[in-house]
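Structural overview for review
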Amino acid sequence: MDLDRLTEVRLRARSAGLDLDDERLELLAESLQEFNDMLRVLDRIEVNPTDLALETYDPAWTEGASQ
Amino acid sequence: MTLDVTALTLDHALKGLANGDFSTVELMRESLLMLDATDAKIQAWVEIQPRQAMELAAAADRRRTFSTPTTPLLGIPIGVKDIIDLAGMRTRCNMESRVNVDPAINDADAVASLRRDGAILLGKTVTQEAAAGVISDPARNPWDPERIPGGSSGGSAAAVAAGNCIAALGTDTGGSIRIPASVTGTVGLKPTWGQLSVRGIFPLSPSLDTVGPIAKTVHDAAILYLSLARRQKEIAGLANRFPESGGTLTGKRIGVSRSFFLDRVQADVTTAFEDAIAVLGSLGAEIVDVDWEEATAARVVASAISRVESSAIHRQQVREAPELMGEALRSRVELGAILPADTYIRLRQVRQVVRESIANLYREHRLEAMIAPTLPATAPRSGEADIVFDDGSTEPVGTCLTRFTGPWNTTGQPVISIPCGFDRLRLPIGLSFIGKPNQELELSDLAHAYERAAGWFRHSPNLV
């Protein structure tokens, strides 16, 4: 395991109030890596940075639908 | 008389009670006898209230004798997933830290709706720890007790399939109503996110959580949905809307996105799905091939948002008493706790883009609904870590079973999963109909027509 990466995860964990031993920190670092890998599929999606995501249903749902 | 409670639908139970074919006491007694006979194998229940249930059944019969009941669910035995508050009973959520939690003082809004409409709440059904998973141990699948009933509403689905109760309440954040419905051969309705109150339900991921029914038919699920939506006056009209003979789908446009929803699917599931398409075509539906490009993103967003939000809910527990948490929940919460806030905000923003993409797809192709296999696979054996595909490749059970369900939690659309056949081991396969927001009954029209034409709802597990 990359020591810098482990140190970063340790700092983040402490900041979140988690007191983890080295074994759990390594597990957490692996989980974080897998999670970030999973999120890569979203990189290509452009969002509006000023939209703070108060989601609504688009009116397009009902426009022109077959009845 | 002896009732076949394993096959008895809610619709037929209501008719039988109204016609005097059997009493509420007889219905409750047969349900409890079936529960007793199957409990060692199926283990669907955390706690039941048999004495209180029999007293309420007798009271329902007295009420029926002396007046015409105005409550549409009078005397119907219902199970409640054990993350949903039922006044007087503990809400343990299959969490060690909540084993001795104080009993709930009030009913959750969903329970209150059913109780007000006359249902008898039989007890609490097994769920996964904190509703975060698809196994629901120790509950088992009535079609093969060596296999899982899915999750996290696994106890509810198993109890319905085994005839322990006529229907049950579940919750769905990433598939937790539809996964158990699919693997137990029952019907599960995930309503539109935000439509039904989740007050009194232990949260998993509030921006994704929904509550809904698990039942034996589309008609039954619609009855419960209307009760939950406090639209009980419309229940009587459902008999005309959902005739036993079914209906046609002439002119209905139904989309299929094969690139995502038929990728890495067990062969028997693909066959059942293609057969279902043929049935829908024979009913007059127009099957439209579409390509929802954001399906993978939708899946990832549901999974990621759920991890962050559930971490916020369990943060105190993981700091103060992590030893009381199972490894899966603990790891999930620890990961969520160290993710930066901007990751979460971006996920919410991406969700909006994904919602717009599916709305545009429906509009562009003038779709009434989409269909997809509910799951890529049938129920795995308890203890198996991976789903095995026909080419020998594998996928972790939790990842596989949420692959086709999670995207619809991201979009928030209503989805109903109904049986569409069996695999070579005679394990049930589910078909999902995905509708437009707040159009649960219109969606049920399509599912009902298929259900009656295909006839899979007539099959029940052989338990005793």
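Just above, that's the structure.
Computed from a prediction, not measured in an experiment: that's the story for all the values here.

It is worth spelling out the pattern of salt bridges at this point. On inspection of all chains with the given rule, the structure shows 31 salt bridges over all chains. Between E8(A) and R12(A) there is a salt bridge, with its nearest N and O atoms 2.8 Å apart. A residue pair is termed a helical-turn pair when its members lie 3 or 4 positions apart in one helix, as E8(A) and R12(A) do in helix α1 (residues 3-15) at 4 residues. A relative accessible area of 25% means that R12(A) is categorised as partly exposed. The shortest N-O distance in the salt bridge between E451(B) and R452(B) comes to 3.0 Å. Like E451(B), the residue R452(B) is buried in the burial classification. What emerges from the salt-bridge pattern is a single network uniting R24(A), E327(B), R330(B) and E334(B).

Before going further, it helps to spend a moment on the packing of aromatic side chains. All names here are of chain B. Scanning the entire structure with this criterion turns up 8 aromatic pairs over all chains. The interplanar angle of 80 degrees and the centroid separation of 4.8 Å between the aromatic rings of F260 and F261 together place this pair among those described as edge-to-face. Neither residue differs from the other here; F260 and F261 are each classed as buried. The ring of F422 carries R426 above its face, with NZ or CZ at 4.3 Å from the centroid. Residue placement shows R452 over the ring face of F457; its charged tip is 4.0 Å from the ring centre.

Within the secondary structure, S417(B) is located in strand β12 (residues 415-422). Exposure remark for S417(B): the relative accessible area of 0% places this residue in the buried category.

Next up on the list: the interface of chain B and chain A. Contact with chain B, which involves 53 residues of that partner, is made by 38 residues of chain A. Between chain B and chain A, the buried area comes to about 3800 Å², and carbon and sulfur atoms account for 61% of it. Residue R44(A) pairs with E294(B) through a salt bridge whose shortest N-O separation is 2.8 Å. At the surface where chain B touches chain A, the tally comes to 8 residue pairs in polar contact (both at pLDDT 80 or more). For the side of chain B that touches chain A, the elements supplying multiple residues, two or more each, are α11 (295-320), α12 (327-337) and α13 (341-364) of chain B. With 17 residues, the top contributor of residues to the side of chain B that touches chain A is α13(B). Class assignment for the residues of the side of chain B that touches chain A results in 20 nonpolar, 14 polar and 19 charged.

Scoring rules and cut-offs
Residues numbered from 1 in each chain as written. Chains lettered and ligands numbered in written order. Predicted model: local features only at pLDDT ≥ 70, side-chain atom pairs only at ≥ 80, totals over all residues. Heavy atoms only, no water. Salt bridge = Lys/Arg side-chain N within 4 Å of Asp/Glu carboxyl O. Helix = DSSP H or I, 4+ residues; strand = E, 2+ residues; numbered from the N terminus. Buried < 20%, exposed > 50% of the residue type's maximum accessible area, 1.4 Å probe, protein only. Phe/Tyr/Trp six-rings, centres within 6.5 Å; stacked < 30°, edge-to-face > 60°. Lys NZ or Arg CZ within 6 Å of the ring centre and 35° of its normal. Contact = heavy atoms within 4.5 Å. Buried area = accessible area lost by both parts, 1.4 Å probe. Polar contact = N/O pair within 3.5 Å; in protein donor to acceptor, adjacent residues only side chain to side chain. Nonpolar A, V, L, I, M, F, W, Y, C, P; charged D, E, K, R; others polar.

By themselves, these are just geometric observations and shouldn't be taken as functional.
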